[in-house]
Amino acid sequence: MSASSEDQFKNIVSHCKEYGFIYPSSEIYDGLSAAYDYGPYGVELKNNIKDYWWQAMVRMHDNIVGIDAAIFMHPKTWKASGHVDAFNDPLIDNKDSKKRYRADVMIEEYVEKIEAKISKEVDKAAKRFGDTFDEAMYRQTNPRVMEYQAQIDAIKTRLANCMTNGDMDGLKALIEELEIADPVSGSRNWTEVRQFNLMFSTQLGNIAGEEGKLYLRPETAQGIFVNFLNVQKTTRQKVPFGIAQIGKAFRNEIVARQFIFRMREFEQMEMQFFVRPGTEMEFYMYWKEERMKWHLALGTPAEKLKFKDHDNLAHYANAAVDIQFEFPFGFRELEGIHSRTDYDLKSHQELSGRKLQYFDPELNENYIPYVVETSIGCDRMFLAMMSHALVEETVPDADGKDSTRTVLKLPPALAPIKCAVLPLVKNKEELTDKATAVLHKLKAHFPCQYDEKDAIGRRYRRQDAIGTPYCVTVDFQTLEDDTVTIRDRDTLEQVRVSIDEVTARVLARTSMANLFA
Ligand code: ATP
């Protein structure tokens, strides 16, 4: 991470804490690594993200319905899904620093460094050649760039082979050949690489031993698969149809140092779309595009999002792509779209002995549907929104001078508070009473906040910092003609409007419906 990106990331973390979005979990005991608590504004923003997803997926599609399954599931679920045997990450320890790493991630980071070298060469050449620069041609013909690219391709191929074949010795050999050192201590004194299962387990109260061993679900998807026929029968849905769910998932991540990007307890928003076998690629392409549109509708710049095909596929998938977002630490997975074949339903059918087939009235035949999944982490989405929205900018002050402000330019539909009501001064009862009355009127429609402390400029700044799209100020003129000034977070424009107009104005800009226009 460059120094400025590192600063930006630190800024996000401290802003989240200072303004009541996210606190470290059990902080009075020095926190628990990779666990976080959402504060008063955080929970509102997170709920809004979930609402936007739910509305887009469930309410806007007649053929998608929702469920809320239990976190605990029968232990055989995880045998059938392959998680007991294959939900592993390759773990390596440094013997000197005693730090633990993911072997695959270290190799990927090594590749990123070579990619950065290529970008540097390309930037230099672009400057040298000016308008006549042909980047594609340069990448194909420049000997140094070609050599770097060949290195990248060779490493990626070996990494993919090792991951697909579970070849831990191969990963260790690659780390040694590339002379990858511990980023903290610089030491190359590594242990062997070994598989580490990411599921947390616990024990049922009334059964001793292995029999009573339970897992905290590592993904919400399985709750959907095991309920597939229940839902299909009770809602009379016809294939193709989808089941959506939002809920907690748990993974005992080996390395979890990137704030809410990688947590051990997190929330997923997943949708499984059941289709006729053989049509899965069509729906895979459809959902790939649909999900990208969902992100773009929030106003996220297109250059901050990109598709990245998986180099090595999970045990259940025949196609998989990530939607990556440019976090301060680079492009990383925000959402996955996977064509999961009939792997899960078939395994559950085998292990449970219950038929999980669908009777297709048009084809007049029974089959196990294929599944296309969209899966996004709610917390990662939260971090993406924060990274994109938190800006510092120079704006004119009340007295016309330049000043800097920190503003959270969240899409208004996601903002935790939609409108703040501010009496111009606090020690005039007529004003505070009037402002309280205005607040009372507005708060039935959307989340509002009343603030009377400090000068009006400081109160505006406080609202900017939590992303409030509108501030309404009640002043002496309000007492005469029932008008208020309404200030726009982004344009800073202030207009005087009648109190009766405020609700409609705020709703017009902050309604979730805008995102579906
Ligand atoms: P990664 O490669 O980053 O570990 P993954 O490929 O294992 O992620 P999936 O199993 O596809 O992730 O999970 C779907 C989504 O759930 C991810 O796109 C991500 O947004 C979210 N997610 C996965 N693991 C975590 C985690 N530890 N903390 C927060 N969100 C997560």
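Refer to the structure presented above.
Cut-off values and rules
Residues numbered from 1 in each chain as written. Predicted model: local features only at pLDDT ≥ 70, side-chain atom pairs only at ≥ 80, totals over all residues. Heavy atoms only, no water. Helix = DSSP H or I, 4+ residues; strand = E, 2+ residues; numbered from the N terminus. Expected span 1.5 Å × (residues − 1). Buried < 20%, exposed > 50% of the residue type's maximum accessible area, 1.4 Å probe, protein only. Near = heavy atom within 4 Å. Polar contact = N/O pair within 3.5 Å; in protein donor to acceptor, adjacent residues only side chain to side chain. Areas by Shrake-Rupley, 256 points an atom, 1.4 Å probe, with all protein chains shown as cover. Nonpolar A, V, L, I, M, F, W, Y, C, P; charged D, E, K, R; others polar. Salt bridge = Lys/Arg side-chain N within 4 Å of Asp/Glu carboxyl O. Lys, Arg positive; Asp, Glu negative; His and termini not counted. Contact = heavy atoms within 4.5 Å. Disulfide = S-S within 2.5 Å. Pairing = 2+ DSSP bridges. Axes fitted to C-alpha atoms, helices over the stretch in contact; angles between N-to-C directions. Parallel < 35°, antiparallel > 145°, perpendicular 65-115°, else oblique. Arc of directions from axis to C-beta. Core = buried A, V, L, I, M, F, W, Y, C linked by side-chain atoms within 4.5 Å.

Colleague: Teacher, can you tell me more about helix α5 (residues 103–129) here?
Modeller: Since the α-helix advances by 3.6 residues per turn, residues separated by three or four positions end up pointing in the same direction. Relative to the 39 Å expected for 27 residues at 1.5 Å per residue, α5 spans 40 Å between its end C-alpha atoms, a close match to the ideal helical length. Restricting attention to buried positions, one finds in α5 the residues Ala103, Asp104, Met106, Ile107, Val111, Ile114, Ile118, Glu121, Val122 and Ala125. The positive-phi residue at the C-terminal boundary of α5 is Gly130, with phi of around 65°.

Colleague: What is the right way to look at the site of the ligand in this model?
Modeller: By nearness alone, 17 residues border the ligand, and Glu253, Arg262, Met263, Glu333 and Leu334 come closest of all. Here an oxygen atom of the ligand sits 2.6 Å away from a polar atom, N or O, in the side chain of Glu333. In isolation the ligand has 600 Å² of accessible area, and contact with the protein removes 86% of it. Put simply, the parts of the chain that give the shell around the ligand at least two residues each are β10 (265–275), β13 (330–341) and β16 (370–377). In terms of residue count, the dominant contributor to the shell around the ligand is β13 (five residues). Here the shell around the ligand is composed, by residue class, of five nonpolar, five polar and seven charged.

Colleague: Sorry if this is basic, but what is going on with the pattern of salt bridges here?
Modeller: Where side chains of opposite charge bring their charged atoms close, a pairing between them can arise. This structure, assessed with the given rule, holds 42 salt bridges. Residues Glu219 and Arg340 are paired through a salt bridge, measuring 3.1 Å at the closest nitrogen-oxygen approach. On the criterion of sequence distance, the pair formed by Glu219 in the loop between β8 (213–215) and α9 (221–226) and Arg340 in strand β13 is long-range, its members being 121 residues apart. Among the ionic pairs, Arg487 bridges to Asp464, the shortest N-O distance being 3.1 Å. Pair noted here: Arg487 is in strand β22 (residues 483–488) and Asp464 is in helix α15 (residues 456–466), with a separation of 23 residues, a long-range link. Across this residue pair, the class does not change: Arg487 and Asp464 are buried. One salt-bridge network, in which partners are shared between bridges, spans Glu393, Arg405, Lys409, Arg461, Asp464 and Arg487.

Colleague: When you look at the side chain of Asp322 in this model, what are you seeing that I'm missing?
Modeller: Mapped onto the secondary structure, Asp322 falls in strand β12 (residues 319–327). No salt bridge is formed by the buried Asp322; the nearest opposite charge belongs to Lys308, separated by 6.5 Å. Apart from residues no more than four positions distant in its own chain, Asp322 is found in contact with Lys306, Phe307, Lys308, His310, Glu333, Glu335 and Gly336.

Colleague: Help me understand the state of the cysteines, please; the structure alone is not making it clear to me.
Modeller: As used in these notes, a disulfide is a covalent bond between sulfur atoms, one from each of two cysteines. Here the structure, examined in full by the defined rule, presents zero disulfides. Unpaired in this structure, Cys16 has its nearest cysteine sulfur neighbour in Cys378, at a distance of 13 Å. As a non-bridged cysteine, Cys448 has Cys419 as the owner of its nearest cysteine sulfur, 5.2 Å distant.

Colleague: Mind showing me how you'd approach the pairing of strand β4 (residues 88–93) here?
Modeller: Burial of β4 is extensive: five of the six residues sit out of reach of the surface. Taken together, the four bridges between β4 and strand β6 (residues 194–197) define a ladder with antiparallel strand orientation. The residue of β6 that forms the bridge with Asp89 is Phe196. The pairing of β4 with strand β5 (residues 100–102) spans three bridges and is classified as antiparallel. Paired with Ile92 across the strands is Tyr101, a residue of β5.

Colleague: Even after reading the chapter, I still don't get the packing of helix α2 (residues 40–59) against helix α13 (residues 378–389), so can you show me in this structure?
Modeller: How two helices pack is summed up by the angle between their axes together with the distance between the axes. With their axes 10 Å apart at the nearest point, α2 and α13 run at an angle of 110° to one another. Between α2 and α13, the crossing angle belongs to the class labelled roughly perpendicular. Residues Gly42, Leu45, Lys46, Ile49 and Lys50 of α2 form the contact with α13, whose participating residues are Cys378, Asp379, Met381, Phe382, Met385 and Met386. Along the lines of polarity and charge, the residues of the contact of α2 with α13 split into seven nonpolar, one polar and three charged.

Colleague: Teacher, can you tell me more about helix α14 (residues 429–442) here?
Modeller: An ideal rise of 1.5 Å per residue puts 20 Å on 14 residues; α14 measures up with 20 Å between its terminal C-alpha atoms. Every buried residue of α14 is listed here: Leu431, Thr432, Ala435, Val438, Leu439 and Leu442. For α14, the angular spread of buried residues about the axis comes to 120°, placing them on one side. Relative to its buried face, α14 has exposed residues pointing more than 90 degrees away, namely Glu429 and His440. Contact partners of the buried residues in α14: β19 (419–423), β20 (448–450), β21 (470–474), α16 (476–481) and α17 (499–510).

Colleague: I would appreciate a short explanation of the nonpolar core in the present structure.
Modeller: What tends to happen in soluble globular proteins is that the nonpolar side chains get buried as a cluster. Of all hydrophobic cores here, the largest spans 62 residues; its most connected members are Phe21, Ile49, Trp53, Phe382 and Leu383. Within the second largest apolar cluster, 26 residues are counted, among which are Tyr101, Phe133, Tyr138 and Ile152.

Colleague: Whenever I open this one, the environment of Val407 confuses me. Can you help?
Modeller: Its place among the elements puts Val407 in strand β18 (residues 402–408). Aside from chain neighbours lying at most four places away, what touches Val407 is Ala389, Leu390, Val391, Glu393, Asp464 and Arg489.

Colleague: Honestly, the environment of Ile499 in this entry has me stumped. Any pointers?
Modeller: The topology assignment puts Ile499 in helix α17. Sequence separation between Ile499 and Arg487 is 12 residues, and the spatial gap between their C-alpha atoms is 13 Å. Those residues in contact with Ile499 that sit more than four places away from it in its chain are Lys434, Val438, Lys441, Thr478, Asp482, Thr483 and Val484.

Colleague: Hey, could you run me through the sheet that holds β10 in this one?
Modeller: Each strand in a sheet pairs with its neighbour through backbone hydrogen bonds, running either in the same direction (parallel) or in the opposite one (antiparallel). Taken in spatial order, the seven strands make up an open sheet running β3-β9-β10-β16-β13-β12-β11, and their pairing is mixed. The sheet is open, and its two borders are formed by β3 (64–66) and β11 (305–309), each paired with just one other strand. Looking at each pair of strands side by side, their axes are set apart by 25° on average, direction ignored. Where β12 meets β13, nine bridges bridge the pair, whose relative direction is antiparallel. For Val321, the partnering residue across the bridge sits in β13 and is Ile337. Relative to β12, α13 is tilted by about 35°, and along the sheet it contacts β10, β12, β13 and β16.

Colleague: It is not clear to me how the sheet that holds β22 should be interpreted in this structure. Could you clarify?
Modeller: Here we have five strands laid out as an open sheet, ordered β20-β19-β21-β22-β23, and mixed in their pairing. The sheet is open, and its two edges are formed by β20 and β23 (494–498), each paired on a single side. Sheet twist, expressed as the average angle between the axes of neighbouring strands with direction ignored, equals 25°. As paired strands, β21 and β22 are joined by four bridges and run antiparallel to one another. Looking across to β22, one finds that Cys471 is bridged to Arg487. With respect to the sheet, α14 is in contact with β19, β20 and β21, its orientation differing from that of β19 by roughly 165°.

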